[in-house]
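The chain contents come next:
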Amino acid sequence: MDDKKKHDLVALASIPLIMTLANSMLIPVLPLMQKKLGITSVMASLIITVYAAVSIVCIPIAGYLSDRYGRKLIIVIGLSIAAIGGVVSGWSAWQFEQHAAYIGILIGRFIQGIGAAGAFPIVIPLVGDMFKSEEQVSSSLGMIETSNTFGKVLSPILGSALTLVVWFLPLAIIPLFCLISIAAIAIFVKVPKKNEQQKITFKAFLHDVGDILYKDGRWLYAIFAIGGIAMYIMFGFLYHMSTMLELKHGIDGIKKGALLAIPLSAVCIASYITGKLIGTDKCKMKWFNFSGAVVLTGSMGMFLFLDTTSLLTNLILLSIGGLGIGLILPSLDALITEGIDKKQRGTITSLYSSMRFIGVAAGPLITSFFLDNDRLVFYIFTGAGLLCCVIALFAIHPSKEQQEEGLVPTAEIEERMSSNGP
């Protein structure tokens, strides 16, 4: 990879880092916000959920627009909208009291979610567009996913530190981060020439999506589901651990953020290594994905047999679960990027990102209802992880014969072979 491409990649890696900070930085400070705003734990979880929920709807639209008008333009617009949302949230928390401040924060987070839809989800197809070598694409996606998970590692520490200055600073600082990323994208990221951009109508867009899902639906739906479930478990156990540290162990501030960063560091390390190891081998992608699901399920299941009030037990098991998630996410990114033609890559990766955001939205919200029942929380996590294992094992079947052409379900391969004869 030449130096210019490295600069492009660093600029692009700033986007998942910042968008992750915009959301994950709030997880360790939700209990504090709950007290300052005078709201319930469920209402506090909505500060995370509304950001992700609106992104679910907007991401496919952003994917189409990126295919139609260019990825760089949509990313810059998305980051600008995210910055505006941050200004609204920060201003509301600063100027208004409790209920009015809460409503203003939710409005700002809603706007920010719209912007986020046009930022990080568009990075994945743009990386696929930038590199001709599949090995470079896979490695670069591993770096993007690592930047994403590094943002999650940094988030609890930075979020906790910022609240020492003023409790709403994690909300108010995001516009500054967005401006830095916009400048980096404008300076370093080079887009394909206009005559290489594929311009499609909305009708053609809908037809292409339907055609892809009809032909490749089996493995695409599997990847969508696993991505959503993995993010649900991750954000669910982070929210659970954040609350547990404060309520059961009396730990808050930077110390709390540092403890939350431990399992997230495991996700980051595993993501980076996985991105390097899987290369262009789709069979490796499938088995890394399955292995990660097994590790994740096993770690969640162990909570049902061990003392969940033990801080050390929680940290060890959640870190093991983080390793599993770190095996899963880069594998899913690579399967999508390697298996879909560049013309439809923006749309399909956007659908995938929407499913991931469903998990992000559901994790804190669902977990907030069961904070007084640890066993039920981890029963749900274990069942969700087991579902990932089943889906990864039986629904994703990369064909050795078509490693360079994409993924084909086993049943389809057999049907083609039987129709073509021996």
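Scroll up to find the structure this text is about.
Since the model is a prediction, treat every value here as computed from it, not as a measurement.

Peer 1: For the overall build of the protein, give the residues involved together with the corresponding values.
Peer 2: For the protein, the helix and strand inventory stands at 16 helices and zero strands. Looking at the protein residue by residue over its 422 residues, the buried ones come to 59%. Residue pairs at least 24 apart in sequence account for 84% of intrachain contacts in the protein once pairs closer than 6 positions are excluded. Element-wise, carbon and sulfur atoms account for 68% of the exposed surface of the protein, whose accessible area totals about 16900 Å².

Peer 1: If you had to explain the environment of glycine 227 to someone new, which residues and values would you point to?
Peer 2: The residue glycine 227 is located in helix α10 (residues 202-247) in this model. Between the C-alpha atom of glycine 227 and that of phenylalanine 357, which follows or precedes it by 130 residues, the distance is 9.0 Å. Sequence-distant contacts of glycine 227, that is, excluding residues within four places in its chain, are made with Leu332, Tyr352 and Arg356.

Peer 1: Explain a nonpolar patch on the surface residue by residue, including any values.
Peer 2: Taken together, the side chains of Met143, Ile269, Tyr272, Ile273 and Leu277 make up a nonpolar region of the molecular surface, amounting to roughly 460 Å² of accessible area. Among the elements that line the nonpolar patch, the one with the most residues is helix α11 (residues 253-278), at four residues. Residue position: methionine 143 is located in helix α7 (residues 134-163).

Peer 1: Summarise empty space enclosed by the protein; cite the residues concerned and give the values.
Peer 2: For the structure shown, the criterion picks out three cavities of 30 Å³ or more. There is about 180 Å³ of room inside the largest cavity. Lining the largest cavity are 15 residues, and of these Phe120, Asn148, Lys152, Phe357 and Val360 sit closest to its centre. For the lining of the largest cavity, a count of residues per class yields eight nonpolar, five polar and two charged. Elements supplying a minimum of two residues to the lining of the second largest cavity: α7 and α11. Counting residues per element, the lining of the second largest cavity draws most heavily on α7, at three residues.

Peer 1: How would you sum up the packing of helix α12 (residues 282-302) against helix α15 (residues 374-395)? Please name residues and give values.
Peer 2: It is the contact of α12 with α15, at a shortest axis distance of 8 Å, that shows an interaxial angle of 160°. It follows that α12 is roughly antiparallel to α15 by the angle criterion. In this structure, α12 crosses over α15, and the sense of that crossing is left-handed. Of the residues in α15, those in contact with Lys286, Trp287, Asn289, Phe290, Ala293, Val294, Thr297, Met300 and Gly301 of α12 are Phe378, Phe381, Thr382, Gly385, Leu386, Cys388, Cys389, Ala392 and Leu393. Its residues assigned to classes, the contact of α12 with α15 shows 12 nonpolar, five polar and one charged.

Peer 1: Now, about the nonpolar core: what can you tell me, with residues and values included?
Peer 2: If you look at the biggest cluster of nonpolar residues, it comprises 129 residues, and the most contacted ones within it are Leu12, Ile15 and Met19. The greatest single-element share of this core, amounting to 23 residues, is contributed by α10.

Peer 1: Now, about the packing of helix α3 (residues 41-69) against helix α4 (residues 71-95): what can you tell me, with residues and values included?
Peer 2: Where α3 meets α4, the axes come as close as 7 Å, and the angle between the chain directions of the two elements is 135°. On the basis of the axis angle, α3 is oblique to α4. Mapping the contact onto sequence places Ala62, Leu65, Ser66, Asp67 and Tyr69 in α3 and Arg71, Leu73 and Ile74 in α4. Here the contact of α3 with α4 is built from residues that sort into five nonpolar, one polar and two charged.

Peer 1: If you had to explain the packing of aromatic side chains to someone new, which residues and values would you point to?
Peer 2: This model, assessed by the stated rule, comprises eight aromatic pairs. Ring geometry for tyrosine 232 against phenylalanine 381: centres 5.7 Å apart, planes inclined by 70°, an arrangement best described as edge-to-face. One end of the pair, tyrosine 232, is in helix α10; the other, phenylalanine 381, is in helix α15, with 149 residues separating them in the sequence. We note that tyrosine 232, like phenylalanine 381, is buried. Ring centres 5.6 Å apart and planes at 85° place the aromatic pair phenylalanine 378 and phenylalanine 381 in the edge-to-face group.

About the criteria used
Residues numbered from 1 in each chain as written. Predicted model: local features only at pLDDT ≥ 70, side-chain atom pairs only at ≥ 80, totals over all residues. Heavy atoms only, no water. Helix = DSSP H or I, 4+ residues; strand = E, 2+ residues; numbered from the N terminus. Buried < 20%, exposed > 50% of the residue type's maximum accessible area, 1.4 Å probe, protein only. Contact = heavy atoms within 4.5 Å. Areas by Shrake-Rupley, 256 points an atom, 1.4 Å probe, with all protein chains shown as cover. Patch = residues over 30% accessible without salt bridge, like charges linked within 9 Å, V, L, I, M, F, W, Y side chains within 5 Å. Salt bridge = Lys/Arg side-chain N within 4 Å of Asp/Glu carboxyl O. 1 Å grid on protein atoms, 1.4 Å probe; cavity = no way out; pocket = protein on both sides within 12 Å on 5 of 7 lines; lining within 4 Å. Points joined across faces, edges and corners; volume = space filled by probe spheres on them. Nonpolar A, V, L, I, M, F, W, Y, C, P; charged D, E, K, R; others polar. Axes fitted to C-alpha atoms, helices over the stretch in contact; angles between N-to-C directions. Parallel < 35°, antiparallel > 145°, perpendicular 65-115°, else oblique. Left-handed = near helix turned anticlockwise from the far one by under 90°. Core = buried A, V, L, I, M, F, W, Y, C linked by side-chain atoms within 4.5 Å. Phe/Tyr/Trp six-rings, centres within 6.5 Å; stacked < 30°, edge-to-face > 60°.

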